[in-house]
Amino acid sequence: MDPDDPDADPKARELLGLVRAGLVASDALPWTDINVYRAMANHPDAFEALLTFGARAYQASSLSPAQRELAYLGASVANDCHY
């Protein structure tokens, strides 16, 4: 979904605008036009749930940034992810 498309779903545009403005927790701030966000925006309710989950699980957790990164790396190794 193109966040600048005036015909796009209003809720999706609003959510992408919040991410773009840095008002929603995201590990990729400043806005970098994240493909998964653009894809999820095609289903605004699911996208909103993803952003809520991310804010609570990643940004509002008791883990430090270093501990979060260690968890990401550990999960990537355990799941044989190559990214």
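This is a predicted model, so every value here is computed, not measured.

K.L.:
For helix H1 (residues 10-20), give the residues involved together with the corresponding values.
P.N.:
Burial in H1 covers these residues: Ala12, Leu15, Leu16 and Val19. Looking down the long axis of H1, one finds its buried residues gathered within 95 degrees of arc, a one-sided arrangement. The exposed set on the far side of H1, more than 90 degrees from its buried face, consists of Pro10 and Glu14. In this structure, the buried residues of H1 make contact with helix H2 (35-40) and helix H3 (44-59). Within two residues after H1, Gly22 carries a phi angle of roughly 80 degrees, on the positive side.

K.L.:
Would you mind going over the packing of aromatic side chains in detail, with residue names and values included?
P.N.:
For the structure shown, the criterion picks out 1 aromatic pair. Residues Tyr37 and Phe47 carry aromatic rings whose centres are separated by 5.6 Å and whose planes lie at 55 degrees to one another, so their mutual orientation is tilted. With Tyr37 in helix H2 and Phe47 in helix H3, this residue pair connects regions lying 10 residues apart in the sequence. Of the two residues, Tyr37 and Phe47, both sit in the buried class.

K.L.:
Break down the side chain of Arg68 for me, with residues and values.
P.N.:
Within the fold, Arg68 resides in helix H4 (residues 65-78). Apart from the residues lying within four places of it in its own chain, the contact partners of Arg68 are Tyr58, Gln59, Ser61 and Leu63.

K.L.:
An account of the packing of H1 against H3 is requested, with residue identities and associated values reported.
P.N.:
Packing of H1 against H3 leaves a shortest axis separation of 9 Å and a crossing angle of 25 degrees. Classified by the interaxial angle, the pair formed by H1 and H3 is roughly parallel. H3 is crossed by H1, and the crossing has left-handed handedness. Contacts from Lys11, Ala12, Leu15, Leu16 and Val19 of H1 reach H3 at Pro44, Asp45, Phe47, Glu48 and Leu51. Taken together, the residues that form the contact of H1 with H3 break down as 7 nonpolar, no polar and 3 charged.

K.L.:
I'd like to hear about the nonpolar core, residue by residue, with values.
P.N.:
By size, the foremost hydrophobic cluster in this structure holds 9 residues: Ala12, Leu15, Leu16, Val19, Ile34, Tyr37, Ala41, Phe47 and Leu51. Going through the elements one at a time, H1 and H3 are the ones with two or more residues in this core. Sort the elements by how many residues they give to this core and H1 lands first, with 4 residues.

K.L.:
Give a description of the pattern of salt bridges that names residues and reports values.
P.N.:
Tallying each qualifying case throughout the model produces 3 salt bridges. In this structure, the salt-bridge partner of Asp45 is Lys11, at a minimum N-O distance of 2.6 Å. Placement of the pair is Asp45 in helix H3 and Lys11 in helix H1, with a sequence separation of 34 residues. Glu48 serves as the salt-bridge partner of Lys11, at 2.8 Å between the closest nitrogen and oxygen.

What counts, and at which threshold
- Residues numbered from 1 in each chain as written.
- Predicted model: local features only at pLDDT ≥ 70, side-chain atom pairs only at ≥ 80, totals over all residues.
- Heavy atoms only, no water.
- Buried < 20%, exposed > 50% of the residue type's maximum accessible area, 1.4 Å probe, protein only.
- Helix = DSSP H or I, 4+ residues; strand = E, 2+ residues; numbered from the N terminus.
- Arc of directions from axis to C-beta.
- Contact = heavy atoms within 4.5 Å.
- Phe/Tyr/Trp six-rings, centres within 6.5 Å; stacked < 30°, edge-to-face > 60°.
- Axes fitted to C-alpha atoms, helices over the stretch in contact; angles between N-to-C directions.
- Parallel < 35°, antiparallel > 145°, perpendicular 65-115°, else oblique.
- Left-handed = near helix turned anticlockwise from the far one by under 90°.
- Nonpolar A, V, L, I, M, F, W, Y, C, P; charged D, E, K, R; others polar.
- Core = buried A, V, L, I, M, F, W, Y, C linked by side-chain atoms within 4.5 Å.
- Salt bridge = Lys/Arg side-chain N within 4 Å of Asp/Glu carboxyl O.

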